[in-house]
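# Secondary and tertiary structure notes
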Amino acid sequence: MEGTIQRHWEYICNHNKENTKILGDENVDPICEDRENKFEFSVMSYNILSQDLLEDNSHLYKHCRRPVLHWSFRFPNILKEIKHFDADVLCLQEVQEDHYGTEIRPSLESLGYHCEYKMRTGRKPDGCAICFKHSKFSLLSVNPVEFYRRDVPLLDRDNVGLVLLLQPKIPSAASPAICVANTHLLYNPRRGDIKLTQLAMLLAEISSVAHQKDGSFCPIVMCGDFNSVPGSPLYSFIKEGKLNYEGLAIGKVSGQEQSSRGQRILSIPIWPPNLGISQNCVYEVQQAPKVEKPDGDLTQPELDKTEVLVTAEKLSSNLQHHFSLSSVYSHYLPDTGIPEVTTCHSRSAVTVDYIFYSAEKEGVAEQPGAEVALVGGLKLLARLSLLTEQDLWTVNGLPNENNSSDHLPLLAKFRLEL
Ligand code: KL2
């Protein structure tokens with residue numbers, strides 16, 4: 001018998017300095033503020049390790065006792081974990097299609113979830129699922145994203161994303177929608193060019209889904225397995241909203257591996273114009289051909305200006321996106337600086353899974369002409385603590401008797417201020 005790992009809820013109450021603390025008590029949910037007109041919800045991101053991929057990459061699981069690798073052993077454990085944490089939103093990756101149809105979806109439905117699924121294109125039959133509690137949300141839209149593009153030679157990989165727009169069910173007050181995105185980006189550590197383009201495609205879809213009538217964006221939660229480590233250029237791009245990739249080797253983008261011998265440098269631009277996504281990671285609107293107005297009508301210059309901007313962007317090595325996204329986790333233990341890991345098997349133990357969210361701004365006035373658009377804010381209330389590689393090897397790494405994926409589930413509790 002292997003031991004069990006201990007994870008605890010870290011409550012984050014930072015509305016005033018004295019109360020800034022992390023409490024480790026599983027049973028105490030400190031009330032930081034009054035709860036009127038607040039909507040709280042929890043999110044889990046979990047790569048559940050598809051059985052086909054486990055069998056295709058069996059060399060990664062040599063450390064495991066055979067029986068713990070069977071799906072018939074793993075699934076009950078995974079379900080027990082999901083049931084135990086009881087998150088309002090589940091973002092699952094590596095959900096194998098046959099298991100989804102026969103076991104995963106029926107089981108989650110009986111736990112009160114509505115499930116949406118996007119299978120990868122191509123031959124690998126797994127994909128991303130987003131499931132949410134009927135009792136908490138109603139479904140406004142389902143937006144699958146395929147990263148494979150027949151007309152773009154760069155995009156020859158079968159990864160996908162899924163973006164839902166959810167309406168919180170609040171009896172008393174009107175509430176904005178919440179945009180929830182889930183993805184599993186390409187694994188190949190050498191192909192940062194593809195990973196960045198896949199990310200840009202997901203961000204473009206999020207922009208389009210989260211966009212509200214008044215030009216601002218509703219609150220956003222973006223989960224998944226990004227196959228990129230903290231501090232890597234891809235990670236920094238998500239958090240900073242900008243990336244200058246000039247001279248960057250494609251193998252350095254995700255930070256998974258050191259060796260970049262003989263590696264190509266990212267081309268400028270990374271993806272071709274026919275993808276239809278700007279360097280700001282939004283869909284480029286097809287502009288109707290302009291008709292010259294003989295009288296020099298002054299309503300047009302606005303349009304001209306944006307066109308010039310788009311042309312100039314194409315020559316520069318800067319990527320941008322419009323959201324200000326924070327990570328639920330900070331990736332290092334506060335006391336020792338030892339890295340937390342979200343996946344651990346015989347070849348690697350790193351963080352590649354994330355829950356990003358649009359954080360509530362702390363009373364900062366909007367600056368005119370700011371790069372970052374107005375995005376609805378969420379307050380992070382709590383997260384389920386992660387572990388170090390060393391912690392995980394004390395239970396024989398992953399998967400083990402009790403933890404049945406090679407990833408850990410990530411969990412966060414949010415509050416939507418109304
Ligand atoms: O790293 V992962 O595991 O997020 O946990 O994402 C990919 C890898 C997943 C989907 O492609 O399958 C795993 N070496 C190690 N792992 C691999 C490989 C490989 N060559 N190919 C796929 N995966």
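Below or above, wherever it landed, is the structure these notes cover. (Residues numbered from 1 in each chain as written. Predicted model: local features only at pLDDT ≥ 70, side-chain atom pairs only at ≥ 80, totals over all residues. Heavy atoms only, no water.)

Here we come to the sheet that holds strand β10 (residues 220–225). Strand order in the open sheet formed by 6 strands is β7-β8-β9-β10-β16-β13, and the pairing between neighbours is mixed. If you trace the sheet from one side to the other, it starts and ends with β7 (137–146) and β13 (325–327), each paired once. On average, each strand axis in the sheet is inclined to that of its neighbour by 20 degrees, with strand direction left out of account. Strand contacts of helix α4 (residues 192–210): β7, β8 (160–168), β9 (178–184) and β10, with the helix running at about 165 degrees to β9, the strand carrying the most contacts. (Pairing = 2+ DSSP bridges. Helix = DSSP H or I, 4+ residues; strand = E, 2+ residues; numbered from the N terminus. Axes fitted to C-alpha atoms, helices over the stretch in contact; angles between N-to-C directions. Contact = heavy atoms within 4.5 Å.)

Okay, the environment of I220 next. Relative to the assigned elements, I220 resides in strand β10. Under the relative-accessibility criterion, I220 is labelled buried at 0%. Distance from I220 to L165, taken between C-alpha atoms, is 9.4 Å for residues 55 residues apart in sequence. Those residues within four positions of I220 in sequence are excluded, and the remaining contacts are C179, I206, A210, F323, L325, F356, Y357, S358, V375 and L378. (Buried < 20%, exposed > 50% of the residue type's maximum accessible area, 1.4 Å probe, protein only.)

Next up on the list: α4. Under the 1.5 Å per step criterion, the end-to-end length of α4 is 26 Å for 19 residues, consistent within 8% with the ideal 27 Å. Where burial is concerned, most of α4 is hidden: 18 out of the 19 residues are buried. (Expected span 1.5 Å × (residues − 1).)

Tracing the backbone shows G255 in the loop between β11 (242–244) and α6 (301–315). Using a relative accessible area of 27% as the deciding quantity, one classes G255 as partly exposed. Put simply, G255 and G192 are 63 residues apart on the chain and 9.1 Å apart in space, counted from C-alpha to C-alpha. When neighbours within four sequence positions are excluded, G255 is seen to be in contact with V229 and S232.

Attention now goes to the packing of aromatic side chains. Tallied over the entire structure, the rule returns 14 aromatic pairs. Between F132 and F137 the ring centres are 6.4 Å apart and the planes differ by 90 degrees, which places this aromatic pair in the edge-to-face class. This pair shows no difference in class: F132 is buried, exactly as F137 is. Centroid distance F226 to F356: 5.6 Å. Interplanar angle 85 degrees. Geometry classified as edge-to-face. Remark: F356 occurs in strand β16 (residues 353–358) and F226 occurs in the loop between β10 and α5 (233–240); sequence separation between them is 130 residues. According to the relative accessible area criterion, F226 is buried, its value standing at 0%. (Phe/Tyr/Trp six-rings, centres within 6.5 Å; stacked < 30°, edge-to-face > 60°.)

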